[in-house]
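Structural description and commentary
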Amino acid sequence: MSLMTPEIRPSAIARVNPVAKLAVALLISCALMLSIDWVSAAVALALEAVLLAWCGLSARQFWLRTAPVWIAAPFAVLTTVLYGQDSGAVLFGAGFVSVTEGSVALALAIGLRILAIGIPGIVLLATTDPTDLGDGLAQVLRLPARFVLGALAGLRLVGMFIDDWHSLALARRARGVGDGGGLRSRARRFGGLAFALLVLSVRRGSKLATAMEARGFGSDIPRTWARESVFGLRDGLVVAIGAGIAATAITVAVLAGTWHFVLA
Amino acid sequence: MTGARVTASGWGWRHAGRSRPAVSGLDLDIRPGERVLVLGPSGAGKSTLMHALAGVLGDDEDGDETGELLVDGRRPSASRGRVGLVLQDPDSQVVLARVGDDVAFGCENLAVPRAEIWPRVGQALADVGLDLPLRHPTSALSGGQKQRLALAGVLAMRPGLVLLDEPTANLDPEGVVEVRDAVLRSVEASGATLIVIEHRVAVWQHVVDRVIVLDPAGGILADGPTDLVLSAEGERLAAAGVWIPRFPPAPPERKHPSGTSAAEALLRAEGLSVGRVPFARKRAVAVAGDLDLTLVSGTATAITGPNGTGKSTLALTLAGLLTPAGGHLAATDALAAGLGPAPHRWRSRDLLERIGTVFQDPEHQFLAGTVRNELAIGPRALGLGDAVSAERVDALLHRLRLDHLADANPFTLSGGEKRRLSVATVLATRPRLLVLDEPTFGQDSRTWAELVRLLAELLDDGTAVLAVTHDEQFVAALADARLTLAPGDAIGGVSTGSVSSAGASAGSVSPAGPRRRTGTEPS
Amino acid sequence: MHASINTLSSPTPPSSTSRKPRVLKWRVVDIVVASVIGVASGVIFWAWGLAWSPLSALLAFTPGLEGLLAGGWLFAGVLGGLIIRKPGAAVYTEVIAAVVSMLIGTQWGFSTLIWGVVEGLGAEIVLALFFYANWRLGVALLAGAGAGVAVGLLDTTFTSYAALDVGYKAVYFVSAVVSGTVLAGLLSWLAVRGLARTGALSRFAAGRESGPTDRALNQPAQ
């Protein structure tokens, strides 16, 4: 069930505190989101590519996990080329569509930005165990333990329902409604399946809540932690690297004159 | 750590939104260290009592309480950690993803210092006999292991009162024994008070010293030492659905044991191997192989074997829901009735009249908002028209005693009713072959008897039945042949199976030797 | 956690209109079920995100119409709010959903979390305006619209849609609000009603007011 609980190989990055990894993803995303220009995105992407060697994922895992990004980027580029804000010489025009130098440049920027934001986010979190993340959020960031653990329990429960999905689909085939029909009946089948899963998940959630309460969860006694989440020197270093990438990307873009602040 | 004392005086609870109280007028005194089995028909409020003792019934929002219920002289909600509760569903009690973390969860909540937590975890796991590394994923555990994990999580809290709410209902026989022994070991070591709800008396008979029978109308029906209560109330309890060893349910009458002379072969498997296709891969990984089996109308075949040998996968493949991983599986003309021989290639609608499948968890099959609509789905998919559909639906509602539930939502039915409904939905389209996955799992004796009687009637009508089951009584009562799967020789190897005659008419199961045969001959 | 002890021998007469003081503190079951809904929605968000690229290309004949797809990421908050009915439910559920979709992997990276917070707030503010007391269809639709407004503003300012002409931005904004109202508001409300009928919400107020008949609820606990 590789979707929710990644197979994490022991690697340097896997031992870094998840809060540090989260901070890096946050810094890079925020920095790159403040402007739409190809220089900042390209610089960040280049620096990230260098660090990929330490990402702790096998090649196959990497391409599988970052697939959403590689699919999304070309589509976004296409849309922006055709419909983006126009400036400069017109290369092609017909109705709504207008391809100009400006829109091409914008499209390139958008594409690079998607890659530069998406890849580190996915890679960093693909090597994070959800329980460790929960520990980090509750112990380092001091988020309320009840909510963090409740969320973790919910995550585990829903991870199970991916197996249920298969059973439910088989059951529908057995009931005579498993196939056939056009888009509408397919959509209705999908909706029915999704609803059934929702029902099963909510019922299991209620039962799990009872079990957790029976083990003392949810009271006002401050709890102790069996696993310690430490934010040490190595984690600070990782955050510094992330900050460095973000800062470098912004600086180079400003110096190159292409920085275009979004809110201006 | 000593056992806790439980006292109740005139205690009752009414769930919010319901008009009748679940429990009323209860008076109890359970001494520290006692081991009690709580029995009673459905609706007697046993679960409600357990939840109340654990302090998890809720507050004003969830219902109204009357009278007094005390653990060690204090209200249960004030003594969290003194009471441990293990529930029925193994999957809904696992909190965290790793074994060690899950067991430590209770200790963390009780603010046990970290230095003390891990020794307790180790001790608890040893007490329940779970010899697994602490980082072992909890999703990879079997049902019995998950229940023992839940028990370990409870024991790590060092409770004075251990509550078990039907802990073995959803387990196979092996798991049942594992859990029972684990409970016995740990309770003996700790001296905690034990209260168990279960409807299989044979499992707990020799573990408990006292039996309490609750009365659905309020109060207690019987209370005393095990043997006394069972002999006094045994018959009445058996009639209400409890599995009392001395009063087993009556086996069904078969008009034509082992099939009629008009029997015809419906499905043939030769050298069949079955398996599932893992995520993001193309080829199936076989779990069981080299199987030979012939299903004949009017006969019942049971598939038995330990966990993990691929019984469910085999049943689903024979039912045309999974693609065979190898070998040969063909439906005869009698079954295919004009379609090709491979069931997995048939359209979903075509399966309805040929092969019906009843899944292990009835809830996986529910599609509609009312029982009536649920039953009508099959006939409607066949295009039978409203009048014919309604007729069939009404007949089924009556036959399976679901009339009074016709407009209820399927999810709100009780366990036994859900099971009956899932069987009824399959019967609505009158398939020639019926495949059932663990049909008697967790059923009380009344539902069990009904189901067996129904299947016997179907067999007499000429339907073929294939059941995956752990239940030896079921096999003895119905099966004419059995296919036993045994694990492969190598680790991770493919299981193999051998067919033997089960001799239902003889009333006993006598598996033949490990010779493989190419088909079953109705004896 | 402190049930009232009635020392008189007669139990409180059952009545569905008994006025109990509303509890606004989250119970454990509130947290777990909200998390379950959030995580389940997060998986659907992720799948919707995958489908978004080709679907939006289909709608690209009129740029800005992709806003109609935005509702697919907004329903978690409204659904959570309608079931849990406590302050913060909409934000919590939406944030959990965003985090989960982000964890599995989307092209928007960490911005998914920020979007989730703001979208959740969009629904939360509407529910707060009604004092967390009104849960009818109209409020659900408005909450969905609120989330749609939030995402419309965010997208047209910070994402690639900021690069579109003003006309197209307006189309996007309006489509996002419509999508929020229908996909997030209407669908969520229908889902809650369906859930209540299955008895899955028996521990929530949402399950008790329009839930199964008393007879059905009286089935023995399973």
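How each quantity is defined
- Residues numbered from 1 in each chain as written.
- Chains lettered and ligands numbered in written order.
- Predicted model: local features only at pLDDT ≥ 70, side-chain atom pairs only at ≥ 80, totals over all residues.
- Helix = DSSP H or I, 4+ residues; strand = E, 2+ residues; numbered from the N terminus.
- Rg over C-alpha atoms; globule rule 2.2 N^0.38 Å.
- Buried ≥ 20, exposed ≤ 12 C-beta atoms within 10 Å, placed from the backbone.
- Contact = placed C-beta atoms within 7 Å.
- Pairing = 2+ DSSP bridges.
- Right-handed = clockwise from strand over helix to strand, strands pointing away.
- Expected span 1.5 Å × (residues − 1).
- Axes fitted to C-alpha atoms, helices over the stretch in contact; angles between N-to-C directions.
- pLDDT = per-residue confidence, 0-100.
- Nonpolar A, V, L, I, M, F, W, Y, C, P; charged D, E, K, R; others polar.

1. Side note on the overall build of chain B
Helix and strand content of chain B: 15 helices and 18 strands. Over its C-alpha trace chain B gives a radius of gyration of 25 Å, about what one expects of a compact globule, namely 24 Å for 523 residues. Expressed along its principal axes, the backbone C-alpha trace of chain B runs to roughly 70 × 55 × 45 Å. Here chain B holds 523 residues, and 56% of them are scored as buried. Here the contacts in chain B between residues at least 6 apart in sequence split such that 71% fall between residues at least 24 apart.

2. Quick word on the overall build of chain C
Within chain C one finds eight helices and one strand. The order of helices and strands in chain C, counted from the N terminus, is β-α-α-α-α-α-α-α-α. The 222 residues of chain C split such that 62% are buried. For chain C, long-range pairs separated by at least 24 residues make up 72% of all intrachain contacts whose partners lie at least 6 apart in sequence.

3. Some words on the pairing of strand β7 (residues 193-197) of chain B
Looking along a regular strand, one sees side chains alternate from face to face of the sheet. All names here are of chain B. Within β7, five of the five residues are buried, which leaves it mostly tucked inside the rest of the structure. On β7, burial covers both faces: T193, I195 and I197 on one face and L194 and V196 on the other are all buried. Where strand β3 (residues 35-39) lies against β7, four bridges are found, and the strand directions are parallel. The residue bridging R35 from the neighbouring strand is L194, located in β7. Pairing of strand β6 (residues 161-165) with β7, which is carried by five bridges, proceeds in the parallel orientation. By the bridge assignment for β7, V162 is matched with L194. With helix α5 (residues 173-190) bridging β6 and the parallel β7, this β-α-β connection has right-handed handedness.

4. Concerning helix α4 (residues 143-155) of chain B
Here α4(B) spans 18 Å end to end across 13 residues, near enough to the 18 Å set by a 1.5 Å rise per residue. Here α4(B) lies mainly inside the structure; 13 of its 13 residues are buried.

5. Overview of the sheet that holds strand β18 (residues 496-501) of chain B
Residue and element names in this part refer to chain B. Strand order in the open sheet formed by six strands is β14-β15-β16-β12-β17-β18, with mixed pairing between adjacent strands. For this open sheet the edge positions go to β14 (355-358) and β18, each flanked by a neighbour on one side alone. Sheet twist, expressed as the mean angle between neighbouring strand axes with direction ignored, is 15 degrees. Its contacts with the sheet put helix α8 (residues 311-318) on β12 (300-304), β15 (433-437), β16 (464-468) and β17 (481-486), and the angle it makes with β16 is roughly 155 degrees.

6. Remarks on the sheet that holds strand β11 (residues 285-296) of chain B
Residue and element names in this part refer to chain B. Read from one edge of the open sheet, three strands run β11-β10-β13, paired in antiparallel fashion. Edge positions in the sheet fall to β11 and β13 (326-331), since each of these pairs with one other strand and no more. Each neighbouring strand pair of the sheet contributes to a mean axis angle of 20 degrees, computed without reference to strand direction. Where strand β10 (residues 265-276) and β11 come together, eight bridges link them in antiparallel fashion. By the bridge assignment, A265 is partnered in β11 with V296. Against the sheet, α8 touches β10 and β11, its axis set at about 130 degrees to β10.

7. What to know about the confidence of the model for chain C
Residues and elements named next belong to chain C. The predicted model of chain C has a mean per-residue pLDDT of 80, with 81% of residues at 70 or higher. Under a pLDDT of 50 for its full length, residues 1-18 has, in the predicted model, 23 contacts with residues more than four places off or in other chains. Overall, residues 211-222 carries pLDDT values under 50, and its contacts beyond four positions in sequence, including any with other chains, amount to 33 contacts.

8. With respect to the interface of chain A and chain C
Accessible area lost upon the coming together of the parts serves often as the stated size of an interface. Each partner contributes residues to the interface: chain A has 56 residues there, and chain C has 47 residues. Contributing elements (two or more residues each) for the side of chain A that touches chain C: α2 (18-33), α5 (67-83), α6 (101-126), α8 (145-174) and α9 (183-214) of chain A. Residues of the side of chain A that touches chain C, tallied by class, amount to 38 nonpolar, 14 polar and four charged.

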